[in-house]
Amino acid sequence: MAVHIREITTARAISEAIAQEMARDPRVFVMGEDIARYGGIFGATQGLLDQFGEDRVRDTPISETAFIGAAIGAALEGMRPIVELMFVDFFGVCMDQIYNHLAKITYMSGGNLHLPVTLITAFGAGYNDAAQHSQSLYGVFAHLPGMKVVVPATPYDAKGLMIQAIRDDNPVIYFMHKGVMGLGWMTMLEAAAGPVPEEPYTIPFGVADVKREGTDITIVTIGMMVHRALEAAQTLAGEGISAEVLDLRTLVPLDRDAIVQSVRKTHRLLVVDEDYRSFGMSGEIIATVAESALDYLDAPARRIAVPDVPIPYSRPLEQFVLPNAAKIATAARELVQGA
Amino acid sequence: MPVDQKTALSLYQQMLVIRNFEETMVQVYMEGKTPVFDIGGGTVPGEMHLAAGQEPVAVGVCAHLRPSDTVTGPHRAHHFAIAKGVDLKKMSAEIFGKETGLGKGKGGHMHLFDPAVKFGCSGIIAAGMPVAVGAALAAKMQHRDDIAVSFFGEGAANQGAFHESLNLAALWKLPVVFVCEDNSYAISVPKGRATAIARNADRAQSYGIPGISVNENDVIAVYEAAGEAVSRARRGDGPSLLEVHTDRYLGHFQGDPEVYRDPQEVQRLKQRDPIVRLRQQLMEQGWLTPEQDAEIQRAAKATVDEAIAFARQSPSPAPEEALEDVFVPVG
């Protein structure tokens with residue numbers, strides 16, 4: 001069977017995934033703020049209103065508690081809702097429905113109730129949207145039991161993981177990095193467009209992807225930071241340092257085996273995390289290696305993350321707190337060559 | 001009498017089962033918690049919120065519902081569950097934390113879910129309201145004339161979720177009945193010290209939906225008002241807000257010293273016990289003899305006793321089962 005591959009943006013890959021699933025399964029519908037006529041502030045739902053109509057593609061009032069809770073109620077009645085939380089930073093106004101209800105009703109009912117809800121949300125910094133619109137809070141959601149956490153970095157991964165999310169009978173929080181969506185009004189990132197098969201396909205959760213093979217150091221990362229790490233790896237290659245870039249793709253479930261396998265090969269670990277440094281993803285990765293592969297480390301584990309400060313507005317300040325290719329390369333160099 | 005004999009007797013019988021269950025739970029809950037009250041001790045550890053006195057709201061509304069209508073309830077929900085037709089044995093077993101419970105012991109008294117009759121409750125104030133809106137949305141999208149009923153307290157009417165839910169249900173004309181159960185207290189805070197207006201039913205106006213107040217703790221009055229709201233929803237005319245006054249005979253939770261309440265108050269409230277009142281009305285109508293009443297009471301007690309016995313005899317879950325049921329198979 002021929003597979004037709006073309007270059008499309010991450011945003012297009014996501015909306016295509018949703019459209020294909022909506023065509024295949026009448027129970028799938030979408031709701032959220034500005035997702036219908038506007039096509040989603042970050043382009044995730046472009047074209048859906050025209051194709052499927054208002055009953056299945058619904059703009060909501062600014063009532064996250066109500067419409068995310070409604071997604072729960074609809075899912076309990078056999079629908080498969082996709083609901084958008086525009087910026088993950090807004091979770092504060094509706095977190096109860098997410099972590100106390102969406103994430104826990106299956107468990108509290110002894111597995112008798114299924115909640116096939118996909119919650120899509122945008123995250124990420126670098127364009128001066130300041131403290132309340134720039135966060136990468138996947139660590140918060142990954143910490144709380146009962147929801148899968150998916151963070152694609154490329155158009156190809158975005159489509160496969162989205163179709164998987166919609167078909168999963170469990171709650172999935174699907175994080176879209178604003179910088180990899182391929183939006184015309186954001187700084188251009190070459191990797192925001194990439195080869196994506198036209199036909200539907202799935203990518204299983206809990207399977208990390210080696211985006212670049214290497215032998216001297218393992219860089220574990222997710223989201224936009226995958227691209228910063230690849231940039232750094234390219235630079236390092238020119239200096240004779242071979243860096244392996246491991247894209248986790250999902251935090252829940254987490255592919256711990258892939259992390260350990262890579263570290264056993266390279267003996268050095270660098271974690272790059274766009275979320276706040278303390279009590280989050282970077283600590284979890286390092287703990288995993290400390291528990292399962294400590295003897296394989298030839299140097300202490302290191303992490304580059306956003307320091308424990310709100311993300312500042314002013315460009316020099318924001319650039320100071322964010323991980324970037326130069327910081328990654330410096331850290332890798334130090335780990336490989338000895339500081 | 002605005003209802004027929006069969007209906008009136010059914011309402012009476014259900015209220016008796018509920019009252020019996022709640023009063024039995026008062027005793028059962030205290031097992032193993034004396035001489036010094038230890039909330040984590042005994043047969044039924046944890047919090048316990050009982051609804052003795054509040055039977056009319058549950059029974060009067062749920063009498064109009066089908067198994068395929070959804071009901072969401074708050075932390076004090078035994079009466080709603082029983083009135084909705086939840087399996088009493090499995091519900092009791094869940095309250096006791098047993099493996100045979102509705103949630104295999106994982107939910108407990110505040111988190112009872114019975115998919116067979118689409119009943120669920122939650123310990124977070126007002127959190128059931130958006131979920132009911134969603135169930136109603138699904139019914140509409142699937143072209144069913146099933147409805148959703150959201151039960152919540154007068155305290156919940158000040159929570160953001162209340163306002164968001166009423167607005168969304170009104171905007172999308174969804175088949176929901178929002179039932180505000182006003183038992184005068186949000187734990188210890190009386191309504192007058194929490195709500196800026198006198199009647200929650202008046203809030204319906206802000207959302208362009210009908211708001212009805214039932215001012216007495218009377219199952220027939222609730223039945224009549226609820227009938228209109230349910231019909232309205234079922235025929236596609238959208239949501240309503242029903243505010244029902246009721247009386248909470250017990251504390252907010254079992255063990256509550258109720259220092260905020262005049263000790264004579266409950267005695268006064270019990271003088272207008274809705275079950276006693278209905279019994280009198282039924283006998284005056286000639287619809288109930290003392291012998292029939294004795295039989296109904298005996299049967300109600302037997303139903304409750306059987307459920308409690310089932311719960312007692314059921315095994316506890318194996319400890320490692322705590323790790324199961326976070327997710328279901330992918331699908």
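Residues numbered from 1 in each chain as written. Chains lettered and ligands numbered in written order. Predicted model: local features only at pLDDT ≥ 70, side-chain atom pairs only at ≥ 80, totals over all residues.

Enquirer: Can you explain the overall build of chain B? Please cite residues and give values.
Expert: Looking only at helices and strands, chain B features 10 helices and 9 strands. In summary, chain B has a C-alpha radius of gyration of 20 Å against a globular reference of 20 Å for 331 residues, a match within 12%. By its C-alpha atoms, chain B is 60 × 50 × 40 Å across when sized along the principal axes. Buried positions account for 50% of the 331 residues belonging to chain B. Look at the contacts in chain B between residues 6 or more apart in sequence, and 75% of them connect residues 24 or more apart. (Helix = DSSP H or I, 4+ residues; strand = E, 2+ residues; numbered from the N terminus. Rg over C-alpha atoms; globule rule 2.2 N^0.38 Å. Buried ≥ 20, exposed ≤ 12 C-beta atoms within 10 Å, placed from the backbone. Contact = placed C-beta atoms within 7 Å.)

Enquirer: Got a sec to walk through the overall build of chain A? Specific residues and values, please.
Expert: Across its full length, chain A holds 12 helices and 14 strands. Rg of the C-alpha trace for chain A: 20 Å, near the compact-globule value of 20 Å for 339 residues, within the 12% margin. Across its three principal axes, chain A shows a C-alpha extent of roughly 60 × 50 × 45 Å. Here chain A holds 339 residues, and 60% of them are scored as buried. The long-range share in chain A, meaning contacts at least 24 apart out of those at least 6 apart in sequence, stands at 78%.

Enquirer: Provide a residue-level description of the sheet that holds strand β7 (residues 172-177) of chain A, including the pertinent values.
Expert: Residue and element names in this part refer to chain A. Spatially, β3-β2-β4-β5-β7-β6-β12 is the arrangement adopted by the 7 strands of the open sheet, whose pairing is mixed. The outermost strands of the open sheet, each flanked by one partner alone, are β3 (57-59) and β12 (250-252). Strand after strand, the sheet turns through a mean of 20° between neighbouring axes, direction not considered. Where strand β6 (residues 148-150) and β12 come together, 2 bridges link them in antiparallel fashion. Bridged to V149 within β12 is V252. With respect to the sheet, helix α3 (residues 64-76) is in contact with β2 (28-32) and β4 (80-87), its orientation differing from that of β4 by roughly 160°. (Pairing = 2+ DSSP bridges. Axes fitted to C-alpha atoms, helices over the stretch in contact; angles between N-to-C directions.)

Enquirer: Which residues make up the domain arrangement of chain A, and what values go with them?
Expert: Residues and elements named next belong to chain A. Assigned domains within chain A: domain 1 (7-197) and domain 2 (209-337). Of note, the centres of domain 1 and domain 2, computed from C-alpha atoms alone, are 26 Å apart. Taken residue by residue, the interface counts 28 residues in domain 1 and 21 residues in domain 2. If you list the elements that add at least two residues to the side of domain 1 that touches domain 2, you get α6 (138-143), β6, α7 (155-167) and β7. Broken down by class, the residue content of the side of domain 1 that touches domain 2 amounts to 17 nonpolar, 9 polar and 2 charged. (Domains from an automatic or database assignment. Nonpolar A, V, L, I, M, F, W, Y, C, P; charged D, E, K, R; others polar.)

Enquirer: Go over the confidence of the model for chain B, please, and point to the residues and values.
Expert: Averaged over all residues, the pLDDT of chain B equals 97, while 100% of them reach at least 70. Of the two predicted TM-score estimates for the complex, the pTM is 0.96 and the ipTM is 0.93. (pLDDT = per-residue confidence, 0-100.)

Enquirer: How would you explain the sheet that holds strand β3 (residues 119-121) of chain B if you had to name every residue and give the values?
Expert: Residue and element names in this part refer to chain B. Strand order across the open sheet formed by 7 strands is β2-β3-β1-β4-β5-β9-β8, with mixed pairing between neighbours. On the outer flanks of this sheet lie β2 (113-114) and β8 (211-214), each paired with one strand and no other. Two elements, strand β1 (residues 70-73) and β3, share 3 bridges in a ladder whose sense is parallel. In the strand pairing of β3, G73 is matched with C121. Helix α2 (residues 55-62) contacts β1, β4 (148-153), β5 (176-182) and β9 (240-245) of the sheet and is inclined by roughly 165° relative to β5.

Enquirer: Please provide a residue-by-residue account of the pairing of β1 of chain B, values included.
Expert: Residue and element names in this part refer to chain B. On β1, burial covers both faces: T70 and T72 on one face and V71 and G73 on the other are all buried. Across 3 bridges, β1 lies against β4 in parallel orientation. Across the sheet, the residue bridging to V71 is V149, located in β4.

Enquirer: Go over the interface of chain A and chain B with me, naming the residues and quoting the values.
Expert: At the interface, 36 residues of chain A touch 34 residues of chain B. The biggest single contributor to the side of chain A that touches chain B is α3 of chain A, with 10 residues. Of the residues in the side of chain A that touches chain B, the class split is 14 nonpolar, 16 polar and 6 charged.

Enquirer: Could you give me a rundown of unusual backbone geometry, with the residues and numbers involved?
Expert: A cis amide bond, omega -5°, links V252 of chain A with the succeeding residue P253 of chain A. With respect to the helices and strands, the residue P253 of chain A is situated in the loop between β12 and α9 (256-266). Following T34 of chain B, the chain continues to P35 of chain B via a peptide bond in cis, the omega torsion being 0°. Tracing the sequence through the fold places P35 of chain B in the loop between α1 (5-30) and α2. Not every positive phi belongs to a glycine, and D34 of chain A is a case in point at roughly 65°.

Enquirer: Can you break down the packing of helix α8 (residues 224-238) of chain A against helix α12 (residues 325-337) of chain A residue by residue, with the values?
Expert: Residues and elements named next belong to chain A. Packing of α8 against α12 brings their axes to within 8 Å, and their N-to-C directions diverge by 55°. With respect to their mutual orientation, α8 and α12 come out oblique. The element α8 and its partner α12 pack so that their crossing is right-handed. On α12, the residues that touch R228, A229, E231, A232, T235 and L236 of α8 are A325, I328, A329 and A332. (Parallel < 35°, antiparallel > 145°, perpendicular 65-115°, else oblique. Left-handed = near helix turned anticlockwise from the far one by under 90°.)

Enquirer: I'd love a proper account of α9 of chain A, names of residues and values included.
Expert: Residues and elements named next belong to chain A. When α9 is considered as a whole, its buried residues turn out to be A258, I259, S262, V263 and T266. Along the axis of α9, the buried residues cluster in a sector spanning 125°; they form a single face. Of the surrounding secondary structure, the elements contacted by the buried residues of α9 are β10 (217-221), β11 (243-247), β13 (269-276) and α10 (281-292). A positive backbone phi angle near 70° is found at H267, which sits one or two residues after α9. (Arc of directions from axis to C-beta.)

Enquirer: Residues and numbers for the packing of helix α4 (residues 88-95) of chain B against helix α10 (residues 290-313) of chain B, please.
Expert: Residues and elements named next belong to chain B. Two elements in contact, α4 and α10, have axes whose closest approach is 8 Å; the angle formed by their N-to-C orientations is 45°. What the angle tells us is that α4 and α10 run oblique. With respect to the hand of their crossing, α4 and α10 are arranged in right-handed fashion. Contacts from L88, K89, S92, A93 and I95 in α4 reach T303, A307, I308, F310 and A311 in α10. When the residues that make up the contact of α4 with α10 are grouped by side-chain class, the tally is 7 nonpolar, 2 polar and 1 charged.

Enquirer: Now, about α10 of chain A: what can you tell me, with residues and values included?
Expert: Residues and elements named next belong to chain A. Here α10 spans 17 Å end to end across 12 residues, near enough to the 16 Å set by a 1.5 Å rise per residue. Within the span of α10, buried status applies to M281, S282, I285, I286, T288 and V289. End-on, the buried residues of α10 take up no more than an arc of 150°, which puts them together on one face. Facing away from the buried side of α10 by over 90 degrees, the exposed positions are A287, A290 and E291. Contacts made by the buried residues of α10 are with α6, β10, β12, α9, β13 and β14 (302-306). (Expected span 1.5 Å × (residues − 1).)

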